[in-house]
Amino acid sequence: MDAIVSLCKRRGFLFQSSEIYGGFQGFWDYGPLGVELKRNVREAWWRDMVTSHDEYTAPDGAVSSFDMVGIETSIIMNPQVWKCSGHYDLFHDMMVDCRETKKRFRFDQIRGRWATNGEAEADENKRVFITTDAAPEEAVDDTERRAAEFYEVKKKYGKKFFAEDSTIETVDMSWLGPDAAAAGKSLDGVLALGASKVGTLTEPREFNLMFKTIVGALGTEEDAAFLRPETAQGIFVNFKNVCDSSRVKIPFGVAQIGKSFRNEITPRNFTFRSREFEQMEIEFFCHPDTSQDWYKYWRDRRMAWYKAMGLSDERLILREHDPDELSHYSTGTADVEYAFPFLDDGEYGELEGIAHRGDFDLRSHMEGKLDEKSNPLELQLDADGNPKWKGSGKDLQYFDDQTRERFTPHVIEPSAGADRATLAFLCEAYTEDEAPDDKGVMQKRVSLKLHPRLAPIKAAIFPLIKKLGMPETALGIYREMKAAGLNVIYSQQGAIGRRYRQQDEIGTPWCITIDGDTATDGAVTVRDRDTLEQTRVPVSEVTNEILSRLRG
Ligand code: GAP
């Protein structure tokens, strides 16, 4: 992972936000190559989801087509949206604060190890849970060092304070939560990061993840609004507008790509968990009777997309949620997960969730906040029996003019993160192997084996030397390719082997070299980044050749 992070900085894929001021945790900037890569990820998604969606074959063999349209909604919306969606009441993480260091931790992510003072080995209450936020491979060393410090012994004796079965584990609520206190496992026995003594952590508290802002000049609490934590709600509240203004008929989907914001307590793992990130979401509206078929359709189709864009079978899984993980309104959710290199062996990180949301969102925006805990869903009421958060009161049902049926559509939501997908493609592409240098001697090289559609630069055009008409021919090809809409570069500096390596490292799939033979045979060499194969292609055909290779 360190090598990938360093390449991203060195070659201009990703920078820390506000780096010259020491950065800003949870925020990232995309550099010149990163912005092209992410734009290609978005475009590949939009093309597959919206512009070139294909026919659908139902389980009974009937073939039909369906509409997919796009939308772009505002980041700040009427605060009522978040009250009815449930985010105002429920979108929170549990966190604990350290009274001594004033640091804040996400409760379900505290990891560490139990350490036992030699004399108190048998006494569970004298055990200390030493927390760490070191990378998994360094977590053991880090806690041993801190155990030694805590028990005031030399570092090399740190090991002896650990119970044999004690491993680095991630704390979850059931293990150290309120119920566990009765079992003697309270937060009093925790030595928090940076603290000098145990017992400095507060009890877990809820922390809403939405960023608050003030709209208007008065600046009162009534003017508080929120940066959207998901793009999905912009689609739900426009359901009626889309139906009334376009020719869509159920089933149909609405797509949106845009920034979302979450005040994550512990942003981490490069761009994986950021406070500002981009989502690519579809809300697919269908008849309740066919919703299970559509759920399966989108789940499988999304998994296939990641594979088609280059993620390997071995590192990708589709994980169906267990029934007890599902919200009451959902009859199915599956996550597409990827084995990111910063995770422990056997662990996967979520790239996308595909959720069957039933009619929960449309009904909440019609009637008011539904109680997610009751089944069937009922309106959430305040102490006086009035709706806790009133809905829009607008009719968000769908009328099918062929069957004359009026119903509230069910929704299937494939919700992906553009930054997580970009990071996964970068991780998968990063390769260390060997390639011959100018003298034919094999040398180590780093390459990004990105899918050509995702690669920031599609081809690099090189004159072998700066004379004998080679630069002129090369510039002619360069201009022709630019005019054809290809993002290509021209370079005449340095030995050819070095120029190849520079392009391999940023993922350019093809290098085109104009050499001494070009003047006589009218052809150039096209070198493939992955196979290293070199083919002669006529100058007049090289643009079409690259275009056709890109189309696959
Ligand atoms: N509308 C449903 C929804 O927002 P989610 O699972 O909370 O569902 C969907 O988010 C996707 O957005 C995730 O699978 C992930 O790819 C991305 N995402 C969520 N939180 C993120 C964060 N803090 N940083 C980067 N990406 C994030």
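Cut-offs applied
- Residues numbered from 1 in each chain as written.
- Predicted model: local features only at pLDDT ≥ 70, side-chain atom pairs only at ≥ 80, totals over all residues.
- Heavy atoms only, no water.
- Core = buried A, V, L, I, M, F, W, Y, C linked by side-chain atoms within 4.5 Å.
- Buried < 20%, exposed > 50% of the residue type's maximum accessible area, 1.4 Å probe, protein only.
- Domains from an automatic or database assignment.
- Contact = heavy atoms within 4.5 Å.
- Near = heavy atom within 4 Å.
- Polar contact = N/O pair within 3.5 Å; in protein donor to acceptor, adjacent residues only side chain to side chain.
- Areas by Shrake-Rupley, 256 points an atom, 1.4 Å probe, with all protein chains shown as cover.
- Helix = DSSP H or I, 4+ residues; strand = E, 2+ residues; numbered from the N terminus.
- Nonpolar A, V, L, I, M, F, W, Y, C, P; charged D, E, K, R; others polar.
- Pairing = 2+ DSSP bridges.
- Axes fitted to C-alpha atoms, helices over the stretch in contact; angles between N-to-C directions.
- Phe/Tyr/Trp six-rings, centres within 6.5 Å; stacked < 30°, edge-to-face > 60°.
- Lys NZ or Arg CZ within 6 Å of the ring centre and 35° of its normal.
- Salt bridge = Lys/Arg side-chain N within 4 Å of Asp/Glu carboxyl O.
- Patch = residues over 30% accessible without salt bridge, like charges linked within 9 Å, V, L, I, M, F, W, Y side chains within 5 Å.
- Lys, Arg positive; Asp, Glu negative; His and termini not counted.
- Charge placed at Lys NZ, Arg CZ, Asp CG, Glu CD.

Trainee: I'd like a description of the nonpolar core, backed by residues and values.
Mentor: One finds Trp298, Tyr306, Phe340 and Phe425 to be the most contacted residues of the largest nonpolar core, which totals 59 residues. Composition of this core by domain shows at least three residues from each of domain 1 (41–91 + 210–312 + 355–425) and domain 3 (443–551). In this view, Phe425 contacts Val41, Trp305, Tyr306, Met309, Leu311, Leu450 and Leu454; residues no more than four positions away in its chain are not counted. Core analysis: the next-biggest nonpolar cluster, separate from the first, contains 18 residues, Ile71, Val254, Leu396 and Phe407 among them.

Trainee: Outline the site of the ligand, listing residues and values.
Mentor: What surrounds the ligand is a group of 20 residues, the closest being Glu230, Arg262, Ser274, Glu281 and Glu350. Interatomic distance of 2.8 Å between a side-chain N/O atom of Glu264 and a nitrogen atom of the ligand. Taking Glu281, its side chain carries an N or O atom lying 2.5 Å from a nitrogen atom of the ligand. Taking 560 Å² as the accessible area of the ligand by itself, protein coverage stands at 89%. Secondary-structure elements contributing two or more residues to the shell around the ligand are strand S16 (276–286), strand S19 (349–358) and strand S24 (410–417). Across the shell around the ligand, the residue classes break down as five nonpolar, six polar and nine charged.

Trainee: Just give me the short version of the sheet that holds strand S9 (residues 127–132), but keep the residues and values in it.
Mentor: One open sheet holds the four strands; their spatial order is S10-S8-S9-S11, and the pairing between them is mixed. The open sheet has two edge strands with one neighbour each: strand S10 (169–170) and strand S11 (190–191). Relative to S10, strand S8 (residues 111–116) is paired through two bridges, and the arrangement is antiparallel. Bridge pairing links Arg111 to Thr170 in S10. Helix-sheet contacts for helix H5 (residues 136–150) involve S8, S9 and S11, and the interaxial angle to S9 is about 135°.

Trainee: Just give me the short version of the packing of aromatic side chains, but keep the residues and values in it.
Mentor: The full count for this structure, using the stated rule, is 31 aromatic pairs. With centroids separated by 3.8 Å and ring planes inclined at 25°, the aromatic side chains of Tyr56 and Trp294 adopt a geometry described as stacked. Note that Tyr56 is positioned in strand S3 (residues 56–57) and Trp294 in helix H10 (residues 291–308), a separation of 238 residues in sequence. The exposure class of Tyr56 is buried, given its relative accessible area of 7%. Trp294 sits in the buried class, given a relative accessible area of 4%. Aromatic pair Trp305 and Phe425: ring centres 6.1 Å apart, planes at 75°, arrangement edge-to-face. Of this pair, Trp305 sits in helix H10 while Phe425 sits in helix H12 (residues 418–429), and the two are 120 residues apart along the sequence. Looking at Trp305, the relative accessible area reads 4%, which means it is buried. Here the aromatic cluster, defined as three or more aromatic residues joined through ring pairs, consists of Tyr56, Phe66, Phe284, Trp294, Tyr297 and Trp298. Looking at Lys83, its charged tip hangs above the ring of Tyr88, at a distance of 5.0 Å from the centre.

Trainee: Could you give me a rundown of the side chain of Lys369, with the residues and numbers involved?
Mentor: Along the chain, the position of Lys369 falls in the loop between helix H11 (360–367) and strand S20 (370–371). Contacts of Lys369, omitting those with residues within four sequence positions, involve Lys83, Cys84, Gly86, Asp89, Leu90, Ser364, Glu378, Leu379, Gln380 and Trp389.

Trainee: Describe H11, naming the residues involved and giving the relevant values.
Mentor: The buried count for H11 comes to seven of eight residues, which makes it a mostly enclosed element. Looking only at H11, the buried set comprises Phe360, Asp361, Leu362, Arg363, Ser364, His365 and Met366. Packed against the buried residues of H11 are helix H3 (80–85), helix H8 (232–236), helix H9 (239–245), S16, S19 and S20. Positioned one or two residues after H11, Gly368 has a phi angle of 130°, which is positive.

Trainee: Go over the pattern of salt bridges with me, naming the residues and quoting the values.
Mentor: Scanning all chains against the criterion turns up 43 salt bridges. A salt bridge links Glu43 to Arg39; its shortest N-O distance comes to 3.2 Å. You can see Glu43 and its partner Arg39 sitting in helix H2 (residues 32–51), four residues apart, about one turn around the helix. On the basis of relative accessible area, Glu43 is assigned to the partly exposed category, the value being 44%. The class for Arg39 is partly exposed, based on a relative accessible area of 36%.

Trainee: Break down the environment of His92 for me, citing the residues and quoting the values.
Mentor: Here His92 shows up in strand S6 (residues 92–97). According to the relative accessible area criterion, His92 is partly exposed, its value standing at 24%. Sequence separation between His92 and Glu264 is 172 residues; the distance between their C-alpha atoms is 9.4 Å. In contact with His92, not counting residues within four places along its chain, are Glu206, Phe207, Asn208 and Leu209. Polar contacts involving the side chain of His92 include one to the side chain of Glu206, which spans 3.5 Å.

Trainee: Describe in detail a negative patch on the surface, supporting the description with residues and values.
Mentor: There is a patch of like negative charges on the surface, built from Asp2, Glu137, Glu138 and Asp141. If you tally residues by element for the negative patch, the top one is H5, at three residues. On the basis of relative accessible area, Asp2 is assigned to the exposed category, the value being 67%.

Trainee: Requested: an account of the sheet that holds strand S17 (residues 316–320), with residues and values cited.
Mentor: Strand order in this open sheet of seven strands is S5-S15-S16-S24-S19-S18-S17, and the pairing throughout is mixed. The open sheet terminates on both sides in strands that have one partner only, identified here as strand S5 (67–70) and S17. Within the sheet, the average angular offset between the axes of one strand and its neighbour, ignoring direction, is 20°.

Trainee: Please provide a residue-by-residue account of a nonpolar patch on the surface, values included.
Mentor: A cluster of nonpolar residues, Ile75, Ile76 and Val215, forms a patch on the protein surface that exposes about 210 Å² of accessible area. Structurally, Ile75 can be placed in the loop between S5 and H3. The class for Ile75 is partly exposed, based on a relative accessible area of 30%.

Trainee: How would you sum up the side chain of Thr431? Please name residues and give values.
Mentor: Tracing the backbone through its elements, the reader meets Thr431 in strand S25 (residues 430–436). Polar side-chain contacts of Thr431 include one of 2.8 Å to the backbone oxygen of Ala429. Contact partners of Thr431, with chain neighbours within four places excluded, come to Arg445, Val446, Ser447 and Lys449.

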